[in-house]
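The lines below spell out each chain.
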Amino acid sequence: MKISSNFDSGNIEIISAEKHDNIRLKIRKDTYSDTFQWFYFRLHGAEGFPCVIHIENAGEASYPEGWDDYNAYASYDRISWFCVPTKYSNGVLTIEHTPEESSVFYAYSAPFTYEQHLDMVSAAQRSPLCVLEFLGETVEGRDIDLLIVGEPDENKKKIWILGRQHPGEPQAEWFIQGVVERILDQDDPVSRKLLSMATFYLVPNANIDGSIDGNLRVNAAGKNLNREWGNPDKDLCPEVYFVRNKMQEVGVDLFLDIHADEGLPYCFVSAIEGIPSFDDRLRWLLETFTTKWAEYTPDFQTEHGYPKNEPGKANLNIGSKFVGEMFKCLSMTIEMPFKDNKALPDKHFGWSSLRSIKLGESILNPILSVVEKLR
């Protein structure tokens, strides 16, 4: 029996793996940071054995409330991921599963690897509607990719969608895959209408280094990118620095920052009610957008979410708050669950990669409902 995590996005440390019914593990901390929660590892050689896997430092994780009513994900082929029985007690997360194959992978959520990222952006650029642009390099020298969909025109609206500032939230990149696939579908009337009125600027993964390293929140320099928008350091936070510069170059009329929340079992948005320039126009855009989205897909709801910021009290170092204030535009953080969506549960697959993709596809409908009224 062998446990390993020395692969793209892998994260686990072994305490003891001598007995299949008492495997003891711990999650490694993020690079230059004390945050941690993301795990992804492979178990080999336990086919047919009822395995009991204890993650012993779960109670010390960044968001221990995320373990309540949570089930880990498993896969034999790293394509189809399904939920396995999981419980949390006394600071220990315990996974119980009898593998049906010699090799099985376990993860906090269905991973989206760097190879999958390269496949997605490379395939997208083959469309006549899309250009793949190099924005700059990450801390570790990897390319920051920007997909520009639609013909840029100063008279068109500029719609930005950004994913994976927090690398251990792969749901965000699955979501953007859904956006990419639908917006490039020339037989989709919603996509065709939108591209006649707007240009899309898509950053599928804003934290490539952290994703590869198996981090939850930070990049390779230990920086939480979603707290660096006010004054990003080019050396320590080049990912934010280059995205922000491009935004200033082309403009922003709508910004969607895609995330996942460890604790809340719902899809929801955190918006810009607390920025200084929030006014009746932005309120109407926000309410119209969220109402239309909830009408279009039952996977989105508006009842549960974060408390709204008081007027003028928003943290302008957060991406959606900074962009909303700088460009006086509709700007939102979109959150998906790690747990199953309590509003529409699926006991076998939970909040799967396919559901993230479908939610991404659905976002084009509320965008269409407000695009004419954007700034």
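Above this text you will find the structure in question.
For the structure given in this document, a descriptive report is provided here. (Residues numbered from 1 in each chain as written. Predicted model: local features only at pLDDT ≥ 70, side-chain atom pairs only at ≥ 80, totals over all residues. Heavy atoms only, no water.)

## Things to note about the pattern of salt bridges
Heads up, the rule is: Each reported salt bridge corresponds to a side-chain nitrogen of Lys or Arg within 4 Å of a carboxyl oxygen of Asp or Glu. Exposure classes here rest on a 1.4 Å probe applied to the protein chains alone. A residue is buried below 20% of its type maximum, exposed above 50%, and partly exposed in between. Secondary structure counts use DSSP, requiring at least four H or I residues in a row for a helix and at least two E residues in a row for a strand, with both numbered from the N terminus.
Scanning all chains against the criterion turns up 15 salt bridges. Of the charged contacts, one joins Glu310 and Lys313 as a salt bridge, the two residues approaching to 3.7 Å between their closest N and O atoms. For Glu310, a relative accessible area of 53% gives the class exposed. A salt bridge links Lys358 to Glu361, with the shortest nitrogen-to-oxygen separation between them at 3.7 Å. Separated by three residues within a single helix, Lys358 and Glu361 lie in helix α8 (residues 353–362), roughly one turn from each other.

## Some details on the packing of helix α5 (residues 238–250) against helix α7 (residues 319–327)
Counted only if it meets this: Here the axes come from fitting lines to C-alpha atoms, over the contacting stretch only for helices, and the angles between their N-to-C directions go from 0 to 180 degrees. Roughly parallel refers to an angle under 35 degrees, roughly antiparallel to one over 145, roughly perpendicular to one between 65 and 115, and oblique to any angle outside these ranges. Rotating anticlockwise by less than a right angle from the far helix to the near helix defines a left-handed crossing, while the corresponding clockwise rotation defines a right-handed one. Here, two residues are considered to be in contact whenever any of their heavy atoms come within 4.5 Å of each other. Residues are sorted three ways: Asp, Glu, Lys and Arg are charged, Ala, Val, Leu, Ile, Met, Phe, Trp, Tyr, Cys and Pro are nonpolar, and all the rest, Gly among them, are polar.
Running from N to C, α5 and α7 point in directions that differ by 20 degrees, and their axes come no closer than 12 Å. Compared by their axis directions, α5 and α7 come out roughly parallel. Of the two elements, α5 crosses α7, and the hand of that crossing is right-handed. Residues Arg244, Met247 and Gln248 of α5 touch α7, and the partners they reach there are Phe322, Val323, Met326 and Phe327. A class-by-class count of the residues in the contact of α5 with α7 yields five nonpolar, one polar and one charged.

## What about the side chain of Ser353?
Here Ser353 lies in helix α8. Aside from chain neighbours lying at most four places away, what touches Ser353 is Ala110 and Trp174.

## Structural notes on the environment of Phe134
By the element assignment, Phe134 lies in strand β11 (residues 130–137). Classification of Phe134 by relative accessible area gives partly exposed; the value is 49%. Ignoring anything within four residues of it in the chain, the contact list for Phe134 reads Asp143 and Ile144.

## Examining the sheet that holds strand β10 (residues 103–107)
Defined as follows: Should DSSP find at least two bridges between two strands, the strands are taken to pair.
Within the open sheet, the five strands sit side by side as β1-β4-β10-β6-β7. Their pairing is antiparallel. Every other strand in the sheet has two partners, leaving β1 (2–4) and β7 (82–83) as the edge strands with one partner each. Of the pairings in the sheet, the one linking β1 to strand β4 (residues 40–44) comprises three bridges and is antiparallel in character. By the bridge assignment, Lys2 is partnered in β4 with His44.

## A short note on the sheet that holds strand β17 (residues 330–337)
If you trace the seven strands from one edge of the open sheet to the other, you get β11-β12-β14-β13-β15-β17-β16, paired in mixed fashion. The open sheet has two edge strands with one neighbour each: β11 and β16 (268–270). Averaged over all pairs of adjacent strands, the angle between their axes in this sheet comes to 25 degrees, without regard to strand direction. Taken together, the eight bridges between strand β15 (residues 254–261) and β17 define a ladder with parallel strand orientation. Note that in β17 the partner of Ile258 across the bridge is Ile334. Of the strands in this sheet, β12 (143–149), β13 (157–163) and β14 (198–203) are in contact with helix α3 (residues 189–197), which crosses β14 at around 100 degrees.

## Digging into α3
We count it as follows: Here the arc refers to the directions that run from the helix axis out to each C-beta atom. Counting of polar contacts relies on pairs of N or O atoms within 3.5 Å, with two restrictions inside protein: one atom must be capable of donating a hydrogen and the other of accepting it, and residues adjacent in sequence are counted only when both atoms are side-chain atoms.
Restricting attention to buried positions, one finds in α3 the residues Val190, Ser191, Leu194, Leu195 and Met197. In an axial view of α3, the angular spread of the buried residues amounts to 160 degrees, which keeps them on one side of the axis. Facing away from the buried side of α3 by more than 90 degrees, the exposed set consists of Pro189 and Arg192. Packing partners of the buried residues in α3 comprise β12, β13, α2 (171–183), β14 and α9 (364–370). Where α3 begins, the capping side chain belongs to Asp188, and its oxygen is found 2.9 Å from the backbone nitrogen of Val190.

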